[in-house]
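Chains, contacts and geometry: an overview
Residue-level listing of the chains:
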Amino acid sequence: MYHQEFQNQDSNAALMELEKGLRSGKAGEQCGAIVHVPALLERHPYPILVNSAFLKLADAFRTGSNFLKLCVLKAIQSSKKHLNKIFNVDEFYLRFFAVIHSNDPIARSVTLRIFGSISSIVAERKDIHHCITNSLDSHDNSEVEAAIFATKAFAEQSSTFAMGMWQKISEMVKGLTTSLELKMKLLPVFKYMHHDFAIVKKINLLCDELMESYPSHMLIATVLNTTTHLSLATLVNIKSQITRLLHFTFEVPRKSINHVAIQNLFQLAKNASYLWCEEQVEQLLSSLLTSSLNLQKQIFEIIVVLGCSSPQIFSQKALMDLNHLKNHVCTEISIASLHVLVSVQSNVKGSLEDTGSLEAELQSLFSMSIHEKSFASLKQCLEIAVIIVKNSNDVSSLPAFFLKCLPYLTKNQALEVCRCLVKLAAQRICLFENFVDILLQFISNSFTNDLSKVDKDIIVGLVD
């Protein structure tokens, strides 16, 4: 009881301090009071105090200067997680609404950004929807940008708003009087219009038309990023989006566009690998050798993600291509090919065949990655080692090989190998019966003055 009473007194004192700062005649003290609101709400996250504090901010916004309005905007954006504790929502947003009809375009712009920031609690207010629609036609650039910001926020929260705004945004994007710069600012709004499949289909058709009419790098990149985001949100156009991106990766001779397409393909592989098909994987691999080395590396990042998460989409032809690519001139691509092969074979067949040759290839690639001082390649080799040992019934030569390599590695490389050896021991403890003492002795000798670098799980794993 005493603790609760103390908390109430503390909260009341904080509110009084905020009130005192806001009523001060000095702009500096008013701004100071506003910028301390997020910290105040973190210390006292009680609904009554939160509601009162936000109402006081709304009052300060309505009557204050543009600089004070900006301070209120920043304070609200920093306190978004407390918005759902406001219980006088109408009273709160109507105090901002009084400013939207101001003759000052800066005041209107800040108000629109306020509406975008509080969209989670006023998403279905039709009067705000109407104001945002009108502001998109403003002749003031800052107001139009603020209206676009608010449109994104409301489209994400409200399906009614998104469906109502689709026609308006599409007309602006297609309009001949709309500048290319504004078109590119409007296009990302479509990312959030994923509530209705019919509208999603229309957006994709519109984007195809735009890319034909305006084949500039910036517009195509914006369209590809937008349609990928939309596809991941709906999961209905993933295959057609992959086909579109493959076209821009391999059939459009513009490096900047190729890299944007590859980045989007990686996102689709990472988040929706199960929706890829065998033909698309085959196309990736068949087009690989005609691409630049940098693009090949990016393609193999996608292949590795697909191989580890959805091995069933790799056909026999794809596996044969991967087998040829193990001898690629680039070590990174050779390692990635081997990584995908062992991942696919172990997942599809349940075990690996001819592990002796796989281990020999891995040892060669591991030595090359050390020679090239590539830490990323070394880590990938160690991941492959874990897969091979886990899915093989034969006696593995990898633990002995890694132990022989330890004296020639840097400390960071040696630590990574030690972690791998512990993982291997967890899979097949019989392989390590003769090696535990040797490994503990190496750690003791190599990290005498730097034991803090040695993970506790390495020591625990070896002792167990």
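The name given to the protein chain in an unreviewed UniProt entry is Integrator complex subunit 7, with the source organism recorded as Hydra vulgaris.

It is worth spelling out the overall build of the protein chain at this point. For the protein chain, the helix and strand inventory stands at 26 helices and 0 strands. Here the protein chain, with 464 residues, has 52% of them falling under the buried criterion. A separation of at least 24 residues holds for 68% of the contacts in the protein chain among residues at least 6 apart in sequence.

Here the focus is the pattern of salt bridges. Once the charged atoms of two side chains with opposite charge are near each other, the side chains can pair. For the coordinates displayed, the defined rule picks out 15 salt bridges. Here Glu91 ties to Arg95 by a salt bridge, and the two come within 2.4 Å at their closest N and O atoms. Taken as a pair, Glu91 and Arg95 lie in helix α6 (residues 89-97) at a separation of 4 residues, close to a single helical turn. The buried category is assigned to Arg95, whose relative accessible area is 14%. Salt-bridge contacts for Glu145 lead to Lys185; the nearest nitrogen and oxygen are separated by 2.6 Å. Remark: Lys185 occurs in helix α12 (residues 180-186) and Glu145 occurs in helix α10 (residues 141-157); sequence separation between them is 40 residues. The exposure class of Glu145 is partly exposed, given its relative accessible area of 34%. For Lys185, a relative accessible area of 28% puts it in the partly exposed group. Residues joined by salt bridges that share partners form a network here, namely Asp59, Arg62, Glu91 and Arg95.

Here we take up the packing of helix α17 (residues 278-286) against helix α18 (residues 293-309). When two helices pack together, their arrangement is given by the angle between their axes and by how far apart the axes lie. Viewed as axis vectors pointing N to C, α17 and α18 meet at an angle of 145°, and their least axial separation amounts to 10 Å. Handedness of the crossing formed by α17 with α18: left-handed. Note on element contacts: α18 touches α17 through Ile299, Phe300, Ile302, Ile303 and Leu306, opposite Val281, Leu284 and Leu285. Looking at the contact of α17 with α18 residue by residue, the classes come out as 8 nonpolar, no polar and no charged.

Here the focus is the nonpolar core. Of all hydrophobic cores here, the largest spans 118 residues; its most connected members are Phe92, Ile118, Trp276 and Phe314. Of all hydrophobic cores here, the second largest spans 29 residues; its members include Leu362, Val389, Leu398 and Cys405.

With that out of the way, let us pick up the packing of aromatic side chains. Per the stated rule, a full pass over the model turns up 10 aromatic pairs. With centroids separated by 5.0 Å and ring planes inclined at 90°, the aromatic side chains of Phe92 and Phe96 adopt a geometry described as edge-to-face. In this pair, Phe92 and Phe96 both sit in helix α6, 4 residues apart, roughly one turn of the helix. For the pair formed by Phe92 and Phe96, the shared burial category is buried.

Each value, and the rule that gives it
Residues numbered from 1 in each chain as written. Predicted model: local features only at pLDDT ≥ 70, side-chain atom pairs only at ≥ 80, totals over all residues. Heavy atoms only, no water. Helix = DSSP H or I, 4+ residues; strand = E, 2+ residues; numbered from the N terminus. Buried < 20%, exposed > 50% of the residue type's maximum accessible area, 1.4 Å probe, protein only. Contact = heavy atoms within 4.5 Å. Salt bridge = Lys/Arg side-chain N within 4 Å of Asp/Glu carboxyl O. Axes fitted to C-alpha atoms, helices over the stretch in contact; angles between N-to-C directions. Left-handed = near helix turned anticlockwise from the far one by under 90°. Nonpolar A, V, L, I, M, F, W, Y, C, P; charged D, E, K, R; others polar. Core = buried A, V, L, I, M, F, W, Y, C linked by side-chain atoms within 4.5 Å. Phe/Tyr/Trp six-rings, centres within 6.5 Å; stacked < 30°, edge-to-face > 60°.

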